[in-house]
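Read off the chains here:
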Amino acid sequence: FSARDSVSTPRRGRSGRARIAHALSPGACLRTSGDSLQHGQMKLYRPVGIQELRLIAASNWAAFPPRLEGQPIFYPVLNERYATQIARDWNPTDAASGFAGFVTAFTLNAKFVTRYEVQVVGDGSHQELWVPAEELREFNRNIEGRIEVLSSFYGERFDEQIDATSQLPVSVRS
């Protein structure tokens, strides 16, 4: 669960389906900051709170947990900068996020990604995909490799012990 998920659905942004489809053609490149599109894979990011991170760890770092009631959309983002902004500036002040934010990264089959339009929900770097909750299981099946944690951010009210090696809460098992 991320603090981002607890807000109402943002306004519909500019379509990016054509951009992603074009990026899959020979010699083309998806041109958004921080994106990675190589060898039929696309790197995506997701800012998460402590509870969602625990559930990801419980899946052996292979899947995102089902959405909660009232969360009809799963929001992976297209660049690390945007994910970091949420995980650093929002999650550590949010009780629902456990006063902690984590930037996760994962690769997805690029052809699968073309079914989702890129949504711009703020400035041009605030790009995300809107995955309906009922499609999350199939989305997870298209993750290639493991979900990794790139960075961690802790608020003043975070009260768990942090592992010195992983820099993750000890309650998160890898």
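Each value, and the rule that gives it
- Residues numbered from 1 in each chain as written.
- Predicted model: local features only at pLDDT ≥ 70, side-chain atom pairs only at ≥ 80, totals over all residues.
- Heavy atoms only, no water.
- Helix = DSSP H or I, 4+ residues; strand = E, 2+ residues; numbered from the N terminus.
- Contact = heavy atoms within 4.5 Å.
- Areas by Shrake-Rupley, 256 points an atom, 1.4 Å probe, with all protein chains shown as cover.
- Buried < 20%, exposed > 50% of the residue type's maximum accessible area, 1.4 Å probe, protein only.
- Polar contact = N/O pair within 3.5 Å; in protein donor to acceptor, adjacent residues only side chain to side chain.
- Phe/Tyr/Trp six-rings, centres within 6.5 Å; stacked < 30°, edge-to-face > 60°.
- Salt bridge = Lys/Arg side-chain N within 4 Å of Asp/Glu carboxyl O.

**Student:** Please set out the overall build of the protein residue by residue, giving values where relevant.
**Tutor:** When helices and strands are tallied, the protein shows 5 helices and 8 strands. Ordered by position in the sequence, the α and β elements of the protein form the string α-β-β-α-β-α-β-α-β-β-β-α-β. Expressed as a percentage of contacts within the protein between residues at least 6 apart in sequence, the contacts between residues at least 24 apart total 76%. Accessible surface, the protein as shown: approximately 8,700 Å² in total, 48% of it carbon and sulfur.

**Student:** With reference to specific residues and values, describe the side chain of Asn-140.
**Tutor:** When you line up the elements, Asn-140 lands in helix α5 (residues 136–141). We classify Asn-140 as buried; its relative accessible area is 12%.

**Student:** Just give me the short version of the environment of Asp-123, but keep the residues and values in it.
**Tutor:** One can find Asp-123 in the loop between β5 (118–120) and β6 (127–129). Here Asp-123 falls in the partly exposed class, since its relative accessible area comes to 39%. Within polar-contact distance, the side chain of Asp-123 engages the side chain of Ser-125 at 2.6 Å.

**Student:** Lay out the packing of aromatic side chains in plain terms, naming residues and giving numbers.
**Tutor:** Counted according to the given criterion, the structure contains 9 aromatic pairs. Plain terms: the ring middles of Phe-102 and Tyr-154 are 5.7 Å apart, the flat faces sit at 80° to each other, and that makes the pair edge-to-face. Of this pair, Phe-102 sits in strand β4 (residues 100–109) while Tyr-154 sits in strand β8 (residues 143–154), placing them 52 residues apart in sequence. With 6.0 Å between their ring centres and 75° between their planes, Phe-106 and Phe-139 make a pair best called edge-to-face.

**Student:** Describe the pattern of salt bridges, listing the residues and the values that go with them.
**Tutor:** Inspection of every chain in the model, using the stated rule, returns 4 salt bridges. Between Glu-52 and Arg-46 there is a salt bridge, with the nearest N and O atoms lying 3.0 Å from each other. Of the two residues examined, Glu-52 and Arg-46, each falls in the buried class. Here Arg-88 ties to Asp-89 by a salt bridge, and the two come within 2.7 Å at their closest N and O atoms. Taking relative accessible area as the criterion, Asp-89 reaches 44% and is therefore assigned partly exposed.

**Student:** Which residues make up unusual backbone geometry, and what are the values?
**Tutor:** Here Asn-60, not a glycine, exhibits a phi torsion of approximately 65°, which is positive. Tracing the chain through its elements places Asn-60 in the loop between α2 (50–58) and β3 (73–74). One non-glycine residue, Gln-167, adopts positive backbone phi at about 65°. The residue Gln-167 is located in the segment after β8 in this model.

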